[in-house]
4 protein chains.
Amino acid sequence: MSGNRFGTLFQYQSWGESHGPAIGCVVDGVPPRIALSEADIQPFLNRRRPGQSKFTTQRQEADEVKILSGVFEGQTTGTPISLIIENNDAKSKDYTDIKDKFRPGHADFTYQQKYGIRDYRGGGRSSARETAMRVAAGAIARKILSDVTIRAAVVQVGPHKINRDNWNWNILHDNPFFTVDADIIPVWEEFLDGRRKAGSSVGAIVEVVASGVPAGLGAPVYDKLDADLAKALMSINAVKGVEIGAGFDCVTLGGEENADDIRIGADGNPVFLSNHAGGILGGISTGQDVVARVAFKPTSSILTPKQTIDVHGNETDIVTKGRHDPCVGLRGAPVVEAMMACVLADHWLRHKAQNL
Amino acid sequence: MSGNRFGTLFQYQSWGESHGPAIGCVVDGVPPRIALSEADIQPFLNRRRPGQSKFTTQRQEADEVKILSGVFEGQTTGTPISLIIENNDAKSKDYTDIKDKFRPGHADFTYQQKYGIRDYRGGGRSSARETAMRVAAGAIARKILSDVTIRAAVVQVGPHKINRDNWNWNILHDNPFFTVDADIIPVWEEFLDGRRKAGSSVGAIVEVVASGVPAGLGAPVYDKLDADLAKALMSINAVKGVEIGAGFDCVTLGGEENADDIRIGADGNPVFLSNHAGGILGGISTGQDVVARVAFKPTSSILTPKQTIDVHGNETDIVTKGRHDPCVGLRGAPVVEAMMACVLADHWLRHKAQNL
Amino acid sequence: MSGNRFGTLFQYQSWGESHGPAIGCVVDGVPPRIALSEADIQPFLNRRRPGQSKFTTQRQEADEVKILSGVFEGQTTGTPISLIIENNDAKSKDYTDIKDKFRPGHADFTYQQKYGIRDYRGGGRSSARETAMRVAAGAIARKILSDVTIRAAVVQVGPHKINRDNWNWNILHDNPFFTVDADIIPVWEEFLDGRRKAGSSVGAIVEVVASGVPAGLGAPVYDKLDADLAKALMSINAVKGVEIGAGFDCVTLGGEENADDIRIGADGNPVFLSNHAGGILGGISTGQDVVARVAFKPTSSILTPKQTIDVHGNETDIVTKGRHDPCVGLRGAPVVEAMMACVLADHWLRHKAQNL
Amino acid sequence: MSGNRFGTLFQYQSWGESHGPAIGCVVDGVPPRIALSEADIQPFLNRRRPGQSKFTTQRQEADEVKILSGVFEGQTTGTPISLIIENNDAKSKDYTDIKDKFRPGHADFTYQQKYGIRDYRGGGRSSARETAMRVAAGAIARKILSDVTIRAAVVQVGPHKINRDNWNWNILHDNPFFTVDADIIPVWEEFLDGRRKAGSSVGAIVEVVASGVPAGLGAPVYDKLDADLAKALMSINAVKGVEIGAGFDCVTLGGEENADDIRIGADGNPVFLSNHAGGILGGISTGQDVVARVAFKPTSSILTPKQTIDVHGNETDIVTKGRHDPCVGLRGAPVVEAMMACVLADHWLRHKAQNL
């Protein structure tokens, strides 16, 4: 009810502030007897970890996850899995001059309005640091979805889109941009360097693809698979738009182009001849790839002065110094993957519960 | 859990199939002592009702709603409000030839995969007829949000966008397109006529604006106001994309352009100088207009033959005759309004519960 | 959240007032392809129906249930099952003189305190008439639990307990008391006749036994099977106590007597040598009979004048005329069975969802 | 869904095993700007802490709680409050000989049946150690209920009941039995000493009273205040029965005795002349004291050999050595108080959300 919890059957409760002693989450509903250790989670956290290139925040966090419960002799027991990551490099002094000012485009103003109090250090609970727990939970979700492959790529940075003909999943983790088009890398490097030096920031689009999803996942009407995906993805910090399959582009198509024809494949199973639907019809997976795209806004933590007010109601200006990502969408890719994994794991368990 | 229920504090359980004896919903969590009668709900249902112009399905339904519980002597009592609408014009014979075939772009295939059984008459539970109950529930949600104005306009049909300089809310209910640009009406009429005669269909974009929303609505992290909006809107039949404020366009902006400056207005209250955020920061309302846009796909019920398979695994072709909307997005506008109302009413009650 | 809904995976939303046009519920989460018709539900409603002997209220209700959705060609479809029962014999005039007075022992006072408004006719939402929907939902729950037998017997009326040596399930539905001891029948008849003529009322204890429950149902810690049973049973109108297995009597036992020894039976399966645990250990079913006992208070609708106040804060007296049960516990037995069925069906589905 | 979470608006997620590195919980839904520190929680934990007299287990745990999030500069922020207690004195070697045997009366058998795996050390998740987190959460719940006093007393140990005429709350925390009758103390001391030396154990009854509860808390029908109390109390380890107000004794009363008369008090407010209802009518609080009684079974960890089986299906005997409470009901009193506090805090917030 308080909005710090994800899911229905696969679920987790997240907690922690950017500059508190630690952040963590409790993952519940995981079936018993699944092999699990920190080594299953850490690699995903490492991908999201800040400070790995000049295009991400210089905050240095080991982001070393510890499992405190729910695993016995290397296997899940069906009881809650408590995960914790200590905050090591929380430089609270960086934030003291913005204690009383609301950074435009940030949650400072709305948290103050809602609660009448806020932990201003690093954004407190509203910090993107919370997404580390999404990535950790997502790593556990993947263990439930053993035959599903989930990958997210950055497909646009500012105005610069990838060439989809170059799509190559093999390079996804070999570049600092989580992209799949080798040719776009120098373009983005130059573009981001310019933005960073100008004290500005830039948005991005991330595309996520889940392969191997069986037909039948998703619930009709209000908990459609695409509806739950939309919520999970929109809940990521800085996201302003979500689309499934052809998305907004389907508006200009005719029904005869947009609907995906069905044939019987060589193996005797149904085959769709296209995938405008993004793998979902009527809120339920078709067995095709589930495909979504997510728009990340440019971060509002920039060096350009902005007009704002303070908590006392006075007009003032603000420059956000601190350490920030020029393009938060880049580090968004592992988070987008994680949320896809969490949604699919939840509906996987829900689907099992819905049939005798 | 089964996906037929909306909301947490303001909530409703929907039920019914397109060609069953009736459809209905049970709205629960409504505060007591609110004046309520069928007359508060019926006008919204009338706007959504089919058969009102040549651009919507010719199915004739009175869509007369009855309140069966929860209201006593003209006031809500705090107990569940049961609403029912009888299905009068369900022509089941129209659908007998598609009993065994899966219509491409429809939920036929996925319901069969999920449940191993489906009510094929008119799409059964997956029919857009269910959206009547969303509109009814939305009408009750508006009673909770007495100072909030919620209006949705169609802003694009196929490739034809409105001219935003012409925006005029006053004509919203005076045209069959729920549009706010008088000049676009003849363009769309000609375009839709062509599509309808060609047995084709077309998509649309609907924009919804909620004015008068107080600051502080929404929960952080997973139940952000925009996340819950994204889910509610994506759950509407035929929706493939949702964006908030500047949405996908914010990707090409710099942070200094995108973040909305804050000043103190003449009345001493905070004023934002722009609204790229769509009235939401950190998942919580700012007090500005809450703005979202929704992409409706072209309906898949078209006269052009499509390739498909049947329940026995044979390849075949299909033409969907029946009675259908050439542009489902048109009738989507009242449904989009309703979902905005339901999300805001839910977070309104949640916000009250979160402060002593 | 509003308290009108039962369950997590097997769930239903109940609605309706005693003297409104109808009462109903929407059962959701039922797996698809289960044979279901009104004929599966009506017999259970008939057992609970009032007016069948001089020991129950003389209100005459056919209690004829109709299925409005979720069943297609005789089978469940996995979509919500809407049930409705019309109120035929609602004599609202009986209640007009208590419109402004709070009946002691009734919910009149607390509903007024909570909501500031109440449907005073027949108790409105607080009427035991609502339990008809529990019985209807329970009948559907039994279809999920095909190998489980659930039976409830009245074991005590006022001070008169049955002789447990006479226990005979075969007579359960052949007497107006839902009892299993033939010898107690004349004792209770005479006792209840005396109470009825004196304008008084009396309490009762109901014992429910579920046989054939597999080991493993129930969740640890907060949703223990016995905890969920306690809630479901305590939620029945007029119930003031719930105990599992040996219940309150286990307080005087030593641990060596109370713990049930385990052996291997002739079939190679575990066998417990006693059942003080009532079939539940650590909140999870053992495979033994699940046993609970429920205390029903004497109804407060009696002919003896009681001291009370009215809505204006004046002291006054009240006699509840109307038509009422001298011993509500008698008609409680079918409701107790129904709640046991609903709890077990819910945990049955939950258990399936918790294992891959 | 997994049963490790309590509540709807005031809620907490519990985690941890008896012999893992730590136990903890995440309390969510707490309103902002409430003064809170570890010093508000620790005194309640100290009361429940083992090793304080010869009548409780000799396990030595400091049970020092740490707050990891949700509190800033001494006040709650409205975000999740993560609590952690390290396990210091977990002697896992004590349990190695029962690794493969199921202790009668324990959850060993059912966890193995449900999950196919269990952390056998100290009962793992099923250990009463988990109740420390209930007490911690309850301490926070009390901060929400600032005008409510919640006290629980042991009123019966084995066959020995207190004399209710001696009831004296002032001695509650001055004796090792949480009792309110000074005269019963030597009786219980002698009785428990005998049981302890005999390697046996004994049950107890705890009575809890909440004073200052406003009228109107509780939801009708399924989430009645007494129903939620019954669930919360029955979920405590070793509890086998729950009753409200007159409880099982009301069965032998007539309606005219059981219903509590209402008058207008000297202050102009309603006054009830008795409290058989236990402060709850129709599931909603009346404003009187809320009163419940809870039966704790004798612990099954005894020195008397019991017949059982092992995980391989062989018959065997077992003696539970370890360190255990001869009467778990004694340490149950602070836990019963805590669950009452949690239920009331939850309905307090729910009540606020239900009225505009």
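All residue numbers refer to position in the chain's written sequence, counted from 1. Chain letters and ligand numbers both follow the written order, the letters beginning at A and the numbers at 1. It should be noted that, the model being predicted, local features are given only for residues of pLDDT at least 70 and side-chain atom pairs only at 80 or more, the latter also being counted only at that level, while totals for whole chains, interfaces and linings use all residues. Excluding hydrogens and water, the side-chain values take into account all heavy atoms of the structure.

In the nomenclature of an unreviewed UniProt entry, chain A is known as Chorismate synthase of Micavibrio aeruginosavorus. Within the UniProt record for chain A, the comment given under Pathway (unreviewed entry) is "Metabolic intermediate biosynthesis; chorismate biosynthesis; chorismate from D-erythrose 4-phosphate and phosphoenolpyruvate: step 7/7." UniProt positions are given in the numbering used here, feature names are shortened, and annotations may be inferred rather than shown by experiment. Quoted verbatim from the Sequence similarities (unreviewed entry) heading of the UniProt record, the comment on chain A is "Belongs to the chorismate synthase family."

**Some remarks on the relation of the copies chain B and chain D**
The copies were overlaid by least squares, fitting only the C-alpha atoms of residues that reach a pLDDT of 70 or more in each copy. For the pair chain B and chain D, the best superposition has an RMSD of 0.0 Å and corresponds to a rotation of 180 degrees with a translation of 0.0 Å parallel to the axis. The symmetry that links the two subunits is that of a two-fold axis. No C-alpha of chain B lies nearer the rotation axis than that of Ala 353 of chain B, which sits 2.3 Å from it. In what follows, residue pairs with any heavy atoms lying within 4.5 Å of each other are defined as contacts. Counting the interface residues of chain B, we find that 100% of their copies in chain D are interface residues as well, pointing to one common contact surface.

**A few points about the UniProt feature "binding site: NADP(+)" (unreviewed entry) in chain A**
Residue and element names in this part refer to chain A. Within this numbering scheme, the UniProt entry marks Arg 48 and Lys 54 as carrying the feature "binding site: NADP(+)" (unreviewed entry). As for its position among the elements, Arg 48 is in helix H1 (residues 38–48). Strands here mean DSSP runs of E at least two residues long; helices mean DSSP runs of H or I at least four residues long; both are numbered from the N terminus. Among the structural elements, Lys 54 can be located in the loop between H1 and strand S4 (65–67). Take Lys 54: its relative accessible area is 44%, and that puts it in the partly exposed class. Residue contacts for Lys 54: discarding those within four places in its chain leaves Asp 193 and Arg 196. Using a 1.4 Å probe on the protein chains alone, a residue whose accessible area is under 20% of its type maximum counts as buried, one over 50% counts as exposed, and one in between counts as partly exposed.

**A short note on the nonpolar core**
Buried Ala, Val, Leu, Ile, Met, Phe, Trp, Tyr and Cys residues form a nonpolar core when they are joined through side-chain atoms within 4.5 Å. Counting residues in each nonpolar core, the largest one holds 373 residues, and the members touching the most others are Phe 10 of chain A, Phe 10 of chain B, Phe 10 of chain C together with Phe 10 of chain D. If sequence neighbours within four positions are ignored, Phe 10 of chain C has contacts with Val 27, Asp 28, Val 30, Ala 137, Ile 140, Ala 141, Ile 144, Cys 342, Ala 345, Asp 346 and Leu 349 of chain C.

**Overview of the pairing of strand S18 (residues 315–318) of chain D**
Residue and element names in this part refer to chain D. The pairing criterion is simple: DSSP has to find at least two bridges between the two strands. As defined by bridge partners, strand S17 (residues 306–309) adjoins S18 across 4 bridges and the pair is classed as antiparallel. Within the sheet, the bridge partner assigned to Lys 306 lies in S18 and is Ile 318. With antiparallel pairing between neighbouring strands as the criterion, S17 and S18 make up a hairpin whose turn holds 5 residues, including Gly 313 at a positive phi of roughly 90 degrees.

**Here we look at the pairing of strand S8 (residues 149–157) of chain A**
Residues and elements named next belong to chain A. By the criterion of burial, S8 is predominantly enclosed, with 7 of the 9 residues buried. Sheet analysis places S8 next to strand S10 (residues 204–211), joined by 8 bridges and oriented antiparallel. In the strand pairing of S10, Arg 151 is matched with Val 209. One ladder, built from 2 bridges, connects S8 with strand S9 (residues 160–161); its direction is antiparallel. If you follow Gln 156 over to S9, its bridge partner there is Lys 161. Between S8 and S9, which pair antiparallel and follow one another directly, the connecting turn spans 2 residues, one of which, Gly 158, has a positive phi of 55 degrees.

**Quick notes on the interface of chain D and chain C**
Facing 108 residues of chain D, the contacting portion of chain C comprises 108 residues. Joining two parts hides part of their accessible area as seen by a 1.4 Å probe, and the buried area is that hidden amount summed over both. In total, chain D and chain C occlude about 8600 Å² of area from one another, counting both sides; carbon and sulfur atoms represent 59% of this. On the chain D side of the contact with chain C, Lys 114, Tyr 222 and Lys 240 of chain D bury the most area, a combined 11% of that side's loss. When a carboxyl oxygen of Asp or Glu lies within 4 Å of a side-chain nitrogen of Lys or Arg, that pair is called a salt bridge. Across the contact surface, chain D and chain C share 8 salt bridges. Here Asp 223 of chain C makes a salt bridge to Lys 231 of chain D, at a shortest N to O gap of 2.9 Å. N or O atoms within 3.5 Å of each other form a polar contact, as long as, within protein, one can give a hydrogen and the other can take it, and as long as residues adjacent in sequence are counted only when both atoms are side-chain atoms. At the boundary of chain D and chain C, one finds 53 residue pairs in polar contact (both at pLDDT 80 or more). Bridging between strand S11 (residues 239–244) of chain C and strand S11 (residues 239–244) of chain D involves 3 bridges; their strand directions are antiparallel. Along S11 of chain D, the bridge assignment pairs Gly 241 of chain C with Glu 243 of chain D.

**Details of the sheet that holds strand S9 (residues 160–161) of chain D**
Strand order in the open sheet made by the 10 strands is S9(C)-S8(C)-S10(C)-S16(C)-S11(C)-S11(D)-S16(D)-S10(D)-S8(D)-S9(D), with antiparallel pairing throughout. Since the sheet does not close on itself, it has two edges, and those belong to strand S9 (160–161) of chain C together with S9 of chain D, each with one partner. The sheet strands contacting helix H7 (residues 328–353) of chain C are strand S8 (149–157), strand S10 (204–211) and strand S16 (290–296) of chain C, and the helix crosses S8 of chain C at an angle near 145 degrees. Axis definition: a line fit to C-alpha positions, over the contact stretch in the case of helices; interaxial angles, taken between N-to-C directions, run 0 to 180 degrees.

**Quick word on the packing of aromatic side chains**
For any two aromatic rings, the description comes down to two numbers: the centre-to-centre distance and the angle of the planes. By convention, a stacked pair of Phe, Tyr or Trp rings (six-membered ring in the case of Trp) has centres within 6.5 Å and planes under 30 degrees apart, an edge-to-face pair has planes over 60 apart, and any other such pair is tilted. Throughout the structure, instances matching the rule amount to 38 aromatic pairs over all chains. Between the aromatic rings of Phe 272 of chain C and Phe 109 of chain D, the centroid separation amounts to 5.4 Å while the plane-to-plane angle is 85 degrees, which identifies the pairing as edge-to-face. Of the two residues, Phe 272 of chain C is situated in strand S13 (residues 270–272) and Phe 109 of chain D in helix H2 (residues 108–115); the pairing between them involves two chains. Taken together, the aromatic side chains of Phe 6 and Tyr 12 of chain A together with Tyr 222 of chain B make up a single cluster linked through ring pairs. Over the ring of Tyr 115 of chain A we find Lys 114 of chain A; its NZ or CZ atom is 6.0 Å from the centre of that ring. Lysine NZ or arginine CZ positioned within 6 Å of the ring centre and within 35 degrees of the ring normal marks a charge as sitting over the ring.

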